[in-house]
Amino acid sequence: MFNKDIIDSFKTIETPFYYYDLDILSETLERLIIEANSEIFKVHYAIKANANSRLLNLIRSYGLGIDAVSGNEVKKAIEEGFDNKDIVFAGVGKTDKEIEYAINSKISCFNCESIQEIQVINDISKKSLVTSNISLRLNPNIESKTHKNITTGTKKNKFGIDIDDLDDILTLLKSLDNINLVGIHFHLGSQITNFKVFDELSKIANITNKKIYDYGILLNHINVGGGLPIDYNNPEKNYIPNFSEYFNVYKKNIILLKNQKIYVELGRSLVGQCGNLISRVLFTKNSYNKNYVILDAGMTELIRPALYNSYHKISNLTSIENKFKKYDVVGPLCESSDIFSKNIKLPFSKRDDIFRIHSCGAYGETMSSNYNLRNSIKSYYSDMI
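Worth saying up front: this structure is predicted, and the values here are computed from it rather than measured. (Residues numbered from 1 in each chain as written. Predicted model: local features only at pLDDT ≥ 70, side-chain atom pairs only at ≥ 80, totals over all residues. Heavy atoms only, no water.)

K.L.:
Is there a simple way to think about the pattern of salt bridges in this case?
P.N.:
Charged atoms that come close allow side chains of opposite charge to pair. Taken as a whole, this structure holds 14 salt bridges when the rule is applied. Note that lysine 11 and aspartate 8 form a salt bridge whose closest N and O atoms lie 3.5 Å from each other. Residue lysine 11 and its partner aspartate 8 are located together in helix α1 (residues 4-11), separated by three residues, close to a single helical turn. Given the relative accessible area of 26%, aspartate 8 is considered partly exposed. Among the salt bridges present, the one from arginine 356 reaches glutamate 236, with a minimum N-O distance of 3.3 Å. Of this pair, arginine 356 sits in strand β16 (residues 354-357) while glutamate 236 sits in the loop between β9 (221-223) and α9 (243-253), and the two are 120 residues apart along the sequence. Since its relative accessible area comes to 9%, arginine 356 is described here as buried. Note on glutamate 236: relative accessible area 27%, which makes it partly exposed. (Salt bridge = Lys/Arg side-chain N within 4 Å of Asp/Glu carboxyl O. Helix = DSSP H or I, 4+ residues; strand = E, 2+ residues; numbered from the N terminus. Buried < 20%, exposed > 50% of the residue type's maximum accessible area, 1.4 Å probe, protein only.)

The following block contains the structure:
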């Protein structure tokens, strides 16, 4: 809970803004290190979740690598001091310029998502007189039972290589002199609450790893992606995700060969609960028997509800009323989808009340925009207030 001093300080700051609790992030990272304290795991932070420099600096201090999905994310990670050899470059569509930059930066490896991409990396590597490490992102056709827009591992998705094409790829690799296969990569989606999905993935990973070994290649790692969820419903009570169960699934089920490691790429679960969107009530109104709270934050600051119909807990930090109403909490954008939540019970709210939207550390600031020519959102931190 925010104390009175913090809430009073919020009143003096121009809204909307992001507020990051660095203590929560530190506690989350400490728990991560404890649960992943094994010689078999290497954790890469999925920088797409949040590329805020203050957060990255703290994440780097815990020894994590980076999972990047664009050339600029690779560049950002290097600028923030992450070891080039701990950066993995994923993404379904890498440009030649991005590939060349990553090769010259001597990153750990590319997660390749098509046969053509492998050939292009080989050609660019050949021109640079180097051999590049790659990992095959394979699409295992596993339904992750999460929202359709964050499901990435079924045959309907654009991501990865058809796992049935593995034999053809292994044959192709014989003819590519500037490619070194070091791993396999899977990613089933985000916010996966049914951990049986990870059991199923482990079985396919074991079969694939053994098949490649029988072909004569001992992989360096098996990358199982991310997917570990956070609790959007009870963010204050359950602000640390279930790292223990997540890592134990793979400890129990994945069969590693000599000196192999398991790579995981966690994003939302590391930064999701440390971030809050703080906003001010512009207006309240009643229309056709519906009560509205109109905030100065909108889908330009937090697009997840509009994009995924996702739920974020909302609190009125300044109301002292004992009476409650049901409100639609909406933003100021000229879009009908600019809605944070419908028909939620809140204390009687009025103009200039300060609202907190919880669990915004992941895919909040990083997906913000200037649509409607809105100002870029600012960020503040717990060690500043």
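Text resumes after the structure shown.
K.L.:
How should unusual backbone geometry be read in this particular structure?
P.N.:
With the exception of glycine, the majority of residues adopt a negative phi angle, and the majority of peptide bonds are in the trans configuration. With an omega of -5 degrees, the peptide bond between threonine 15 and proline 16 qualifies as cis. Following the sequence through the fold, proline 16 ends up in the loop between α1 and β1 (17-20). Positive phi, close to 60 degrees, is recorded for asparagine 259, a residue that is not glycine. In this structure, asparagine 259 sits in the loop between α9 and β10 (261-266).

K.L.:
Explain the state of the cysteines here, please?
P.N.:
Covalent bonding between the sulfur atoms of two cysteines is what defines a disulfide. Evaluation of the coordinates by the stated rule reveals zero disulfides. Cysteine cysteine 360 shares no disulfide, and the gap to the nearest cysteine sulfur, in cysteine 274, comes to 10 Å. (Disulfide = S-S within 2.5 Å.)

K.L.:
It is not clear to me how the side chain of asparagine 276 should be interpreted in this structure. Could you clarify?
P.N.:
Within the secondary structure, asparagine 276 is located in strand β11 (residues 275-287). Judged by relative accessible area, which is 2%, asparagine 276 ranks as buried. For asparagine 276, the residues in contact, after removing those within four places along its chain, are Phe2, Phe17, Tyr18, Tyr19, Arg356, Ile357, His358 and Cys360. (Contact = heavy atoms within 4.5 Å.)

K.L.:
Just checking my understanding: could you explain the packing of helix α2 (residues 22-35) against α9 for this structure?
P.N.:
A pair of packed helices is characterised by two quantities: the angle between their axes and the separation of those axes. Their axes nearest at 9 Å, the elements α2 and α9 cross at an angle of 25 degrees. Relative to α9, the element α2 is oriented roughly parallel. Every pair of crossing elements has a handedness; the one defined by α2 and α9 is right-handed. On the side of α2, the interface is formed by Thr28, Arg31, Leu32 and Glu35, while α9 contributes Phe243, Ser244, Phe247 and Lys251. (Axes fitted to C-alpha atoms, helices over the stretch in contact; angles between N-to-C directions. Parallel < 35°, antiparallel > 145°, perpendicular 65-115°, else oblique. Left-handed = near helix turned anticlockwise from the far one by under 90°.)

K.L.:
Help me understand the packing of aromatic side chains in this model?
P.N.:
Ring pairs (aromatic) are described by centroid distance and by the angle formed between their planes. Enumeration according to the criterion identifies 15 aromatic pairs in this entry. An aromatic cluster is built from Phe41, Phe195, Phe198, Tyr246, Phe247 and Tyr250, whose rings are joined through pairwise contacts. Its guanidinium or amino end placed over the ring of tyrosine 381, arginine 54 lies 4.7 Å from that ring's centre, counting from NZ or CZ. The ring of phenylalanine 89 carries the charged tip of lysine 94 above its face, separated from the ring centre by 5.5 Å. (Phe/Tyr/Trp six-rings, centres within 6.5 Å; stacked < 30°, edge-to-face > 60°. Lys NZ or Arg CZ within 6 Å of the ring centre and 35° of its normal.)

K.L.:
Please explain the pairing of β16 as it appears in this structure.
P.N.:
On a regular strand, each side chain points to the face opposite its neighbour's, so the side chains alternate between the two faces of the sheet. Side chains of β16 alternate between two faces, with Ile354 and Arg356 and Phe355 and Ile357 buried alike. By the bridge criterion, four bridges tie β11 to β16 in an arrangement that is antiparallel. By the bridge assignment, arginine 280 is partnered in β16 with isoleucine 354. Pairing between strand β13 (residues 314-316) and β16: three bridges, direction antiparallel. Residue pairing in the sheet places isoleucine 314 in a bridge with isoleucine 357 of β16. (Pairing = 2+ DSSP bridges.)

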